[in-house]
Amino acid sequence: MDKHTCFHCGLDATASKITFDDKVFCCNGCKTVYEIFSANDLTCYYDLQQAPGATPKDIEGKYNFLENTKIIEQLLEFNDGSTQIVTLYIPHVHCSSCIWILENLNKLNPAISASIVNFGKKTVRVTFNAEMLSLKNLVVLLSSIGYEPFISLDDYSVGKKHIDRSLIYKLGVAGFAFGNVMFLSFPEYFQVGEFWLEQFKPFFRWLMFAFSLPVVFYSAQDYFVSAYKGLRSRLLNIDVPIALGIIVLFTRSTIEIIFDLGSGFFDSLTGLLFFLLLGKFFQQKTYAFLSFERDYKSYFPIGITKITSEGKEEAIQVYDIVKGDRLLIRNEELIPVDCILIKGRARIDYSFVTGESRTVSKQSGDKLFAGGKQLEGSIEVDVLKSVEQSYLTQLWSNDVFKKDKSLAFNNITNTISKNFTIGILLIAVVATTFWLVVDSSKAINVFTSVLIIACPCALALAAPFTFGNVLRILGNKKFYLKNASVIEQLAKIDTLIFDKTGTITAHKETTVNYDGLQLSEDETSLLKSTLRGSNHPLSRSLYALLDAHDIVTLDDFEEHLGKGIQANYKNNTIKVGSAAFVGHATDAATLNTAVHISANNQYKGKFTFYNAYRKGLSHLFNVLKKDYDLVILSGDNEGEKENLTKLLPTKTKLLFNQKPEDKLEYIKYHQSEGAHVLMIGDGLNDAGALAQSNVGIAISENVNVFSPACDAILDASKFNHLGDFINMSKWALKIIKWSFVLSFIYNSIGLYFAVTGQLSPVVAAILMPLSSISVVAFTTVATNIVGRKIPI
Amino acid sequence: MSVIYILLAVSVTVAIVFFIAFIVAVKRGQYDDSYTPSVRMLFEDELVKVKKPKKINTNQLKD
């Protein structure tokens, strides 16, 4: 039989046997979406990209909270009763087909008047008529075509976000003035001395003065503020010489045109600021679809179902949950508060709270913690604590989340700038004193010239352009950094700390190991057939892992809840389940999950489940061990200790049973001993450690989904290149140092003109842009060469 | 020679008009999303194509 892929989503559809319109689908969900699209003449969707869709999920009851007017009010951007506008985040948006279908929503439902996609942010802004279509139905419509919006507690304060565009305005003003001043100063460059040019000289100069005013007083604002702040905290940062240069340039030029001494340096002044701001803009690379500031709010649902005292279901806002409320938690829903289980069977996945990979079963009366995900049907719970007071959310009250990491360290530019500024001031003073003795008329000229030419334009540009380019290169290789200062921090790292579950192990993947007596052909076949009938997660994964065998129809099958399964076929009996169930003495020594087997009342052996580690883990650790201290800090039990010791270099430290606070304290302790710590984690349980470490990297199987607050997000597929990424950051620092050398050479040439009193506007106008452009060109070329070295 | 004043006034005015256009464009958020419009631009043809059968459908409904 040929291999078929689903026409809609591209998954394997060989076995499904679902065809419609001569097209194969993997499931009825995909077929339904195709039907919807073809009925509305939207099949263009499939012309733009092959298999662009996602399988729609079952969402019954999931969006009931969107009936609560208080929640609706908070989500809407605009509402006048009939027309409503909402912006929804849709993680599945990934190709041009997605944009096309989402912008043609009006064909699916006439109540929608407009929808605009922002591909970078993966959002769609929908304008719809609320009298014909409720917000809930809109969300259900989107979900049914495979574009399920993600609504979390974070969205609760939507519409109040302010976008800061001031840098673009400042850049625009500087560029505008730069261009015009350049035009106006052209006649002066050539000094043709024609009659009419001479006549209009003052007018031209005053016009240039007028153009430079907004540049100095608006565009340059940030440099003055930063220099003032630096001086007040007794720090000579890079902005001090820049601000000094700007002030001197402006004052000297103004005086020159007032007394008709020359044309001034307005061209250099505006050009300088234009390039500086351009550098700033370039460094501000942001990943619109990623967020580095997430806390528990991004994971938590915005609404939950409350069961009122009359037994009715009612959607309420999560913040409105009070102690004593009765809540209904549906399958796959997150538990938002600490509570007690009242009704139903709970199987809770705490993996992103504790890092524990195994799901836990709870009985009625057991306590459930916030952050767990219910995996088996619906449960009813009684609330013990409100959202903010729950166990998980309390982690965020730790002081470490209030600190701004980037302020805490001195970056490379500022370190160099300190010596640079002192040096320049010294040269200026010495040169001025010399000229005071030799020719006092030139003294002031020389003093200002030195400060103008030494204005560290190239120096200030080296770091932003290098970092900006490195951010882009790493982003292309799926390592997304929060900002440029992370690169510097990364270059200083000497200790690497890894979380276990989800970080060095692949999520949801296990390997299985059988030890015991060899099973016969018949027994294996019987085992597989038995497992087939069970819905227990362990049975499902074991069934998937076993090789294909003939499936037989069992004569008798019985599932004992929480214990195991018993089955008969012909004269053979098989028991699969816990050690006690199959009649084997419990071995308390193993902490790993295991499934025991006995056939015809004879104990056969057990299947032990192990975590599957990421590819290249061993190799990565062996490469890294040369330069760094390596630590594994796991919230899980010691079950994997033996396995890990075999896999990793001997000097790797292994620590288990670490609570989120323990991880944070461990890092704090090592930092107090002078270590520069890199923490790599994935779950909310690592959030504290990620915030405390010098560089916190969140690893993510799908970068569009969630990762805790961090400095960088690493795509899981690139995990084995971690060493290369750290090397890249070290190269970035080297490149910056080289470009400092380059800019010093330019400065020395300029200083020669300045000290000898020969600095004319033309020399300044040539030298300053030339040095800036060559430094920018150098860093760009150098970073690209280094970027190509990373074999990804 | 006062024609130069007129010329300068015109050139500066034109420059300022474009500058204001830029500021307005930024303010309206035209630079917030620099990717989607580049894709959207290419959809024009397909949109025209799908509109035709749509009309027939609505007519059928009316009948």
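Undergrad: Got a minute to help me understand the packing of helix H13 (residues 412-438) of chain A against helix H14 (residues 440-453) of chain A in this structure?
TA: Residue and element names in this part refer to chain A. Close contact between H13 and H14 brings their axes to 7 Å; oriented N to C, the two are set at 165°. Here H13 lies roughly antiparallel to H14, going by the angle between them. The two elements H13 and H14 cross, and the hand of that crossing is right-handed. Counting all contacts with H13, which are made through Ile424, Leu425, Ile427, Ala428, Ala431, Thr432, Trp435, Leu436 and Val438, the residues of H14 involved are Ser440, Lys442, Ala443, Val446, Phe447, Val450 and Leu451. Residues that form the contact of H13 with H14 fall into these classes: 13 nonpolar, 2 polar and 1 charged.

Undergrad: Mind showing me how you'd approach helix H20 (residues 617-624) of chain A here?
TA: The α-helix winds at 3.6 residues per turn, so residues separated by three or four positions along the chain end up facing the same way. All names here are of chain A. Taken residue by residue, H20 has Leu617, Leu620, Phe621 and Leu624 as its buried positions. All buried residues of H20 project into a common sector of 95° when viewed along the axis, lining one side. Buried positions along H20 lie against strand E17 (495-498), helix H17 (500-504), strand E23 (602-613), strand E24 (629-633), helix H21 (641-647) and helix H24 (722-755).

Undergrad: I would appreciate a short explanation of the nonpolar core in the present structure.
TA: If you look at soluble globular proteins, the nonpolar side chains tend to sit buried side by side. Core analysis: the biggest nonpolar cluster contains 121 residues, and Phe479, Leu496, Phe498, Ile504, Leu678 and Ile697 of chain A have the highest contact counts within it. In terms of residue count, the dominant contributor to this core is helix H15 (residues 457-476) of chain A (13 residues). Those residues within four positions of Leu496 of chain A in sequence are excluded, and the remaining contacts are Leu624, Tyr628, Asp629, Leu630, Val631, Leu678 and Ile726 of chain A. In this structure, Tyr63, Leu66 and Tyr299 of chain A together with Val39 of chain B belong to the second largest nonpolar core, which totals 78 residues.

Undergrad: Help me understand the confidence of the model for chain B, please; the structure alone is not making it clear to me.
TA: Regions with low pLDDT should not have their predicted coordinates read in detail. Residue and element names in this part refer to chain B. Mean pLDDT over chain B works out to 72, with 67% of the residues at or above the 70 mark. Taken together, the stretch residues 48-63 has pLDDT below 50 and engages in 8 contacts with residues farther than four places along the chain or on a different chain. Here the complex is predicted with pTM 0.73, and the ipTM for its interfaces comes to 0.72.

Undergrad: Is there a simple way to think about the sheet that holds strand E12 (residues 360-362) of chain A in this case?
TA: In any sheet, the strands associate via hydrogen bonds between backbone groups, in a parallel or an antiparallel arrangement. Residue and element names in this part refer to chain A. On the basis of which strands lie adjacent, the open sheet formed by 3 strands has the order E12-E11-E14 and antiparallel pairing. Each of the sheet's edge strands pairs with one partner strand only, and the pair in question is E12 and strand E14 (373-374). Summarising the sheet, strand E11 (residues 346-349) and E14 pair through 2 bridges and their orientation is antiparallel. Residue pairing across strands places Asp349 opposite Lys373, the latter belonging to E14.

Undergrad: What is the right way to read a nonpolar patch on the surface from this model?
TA: Residue and element names in this part refer to chain B. There is a patch of nonpolar side chains on the surface, built from Val3, Ile6, Leu7, Val10, Val14 and Phe18 and spanning about 600 Å² of accessible area. Relative to the helices and strands, Leu7 is located in helix H1 (residues 3-27). By relative accessible area, Leu7 is classed as exposed at 54%.

What counts, and where the lines are drawn
- Residues numbered from 1 in each chain as written.
- Chains lettered and ligands numbered in written order.
- Predicted model: local features only at pLDDT ≥ 70, side-chain atom pairs only at ≥ 80, totals over all residues.
- Heavy atoms only, no water.
- Axes fitted to C-alpha atoms, helices over the stretch in contact; angles between N-to-C directions.
- Helix = DSSP H or I, 4+ residues; strand = E, 2+ residues; numbered from the N terminus.
- Parallel < 35°, antiparallel > 145°, perpendicular 65-115°, else oblique.
- Left-handed = near helix turned anticlockwise from the far one by under 90°.
- Contact = heavy atoms within 4.5 Å.
- Nonpolar A, V, L, I, M, F, W, Y, C, P; charged D, E, K, R; others polar.
- Buried < 20%, exposed > 50% of the residue type's maximum accessible area, 1.4 Å probe, protein only.
- Arc of directions from axis to C-beta.
- Core = buried A, V, L, I, M, F, W, Y, C linked by side-chain atoms within 4.5 Å.
- pLDDT = per-residue confidence, 0-100.
- Pairing = 2+ DSSP bridges.
- Patch = residues over 30% accessible without salt bridge, like charges linked within 9 Å, V, L, I, M, F, W, Y side chains within 5 Å.
- Areas by Shrake-Rupley, 256 points an atom, 1.4 Å probe, with all protein chains shown as cover.
- Salt bridge = Lys/Arg side-chain N within 4 Å of Asp/Glu carboxyl O.

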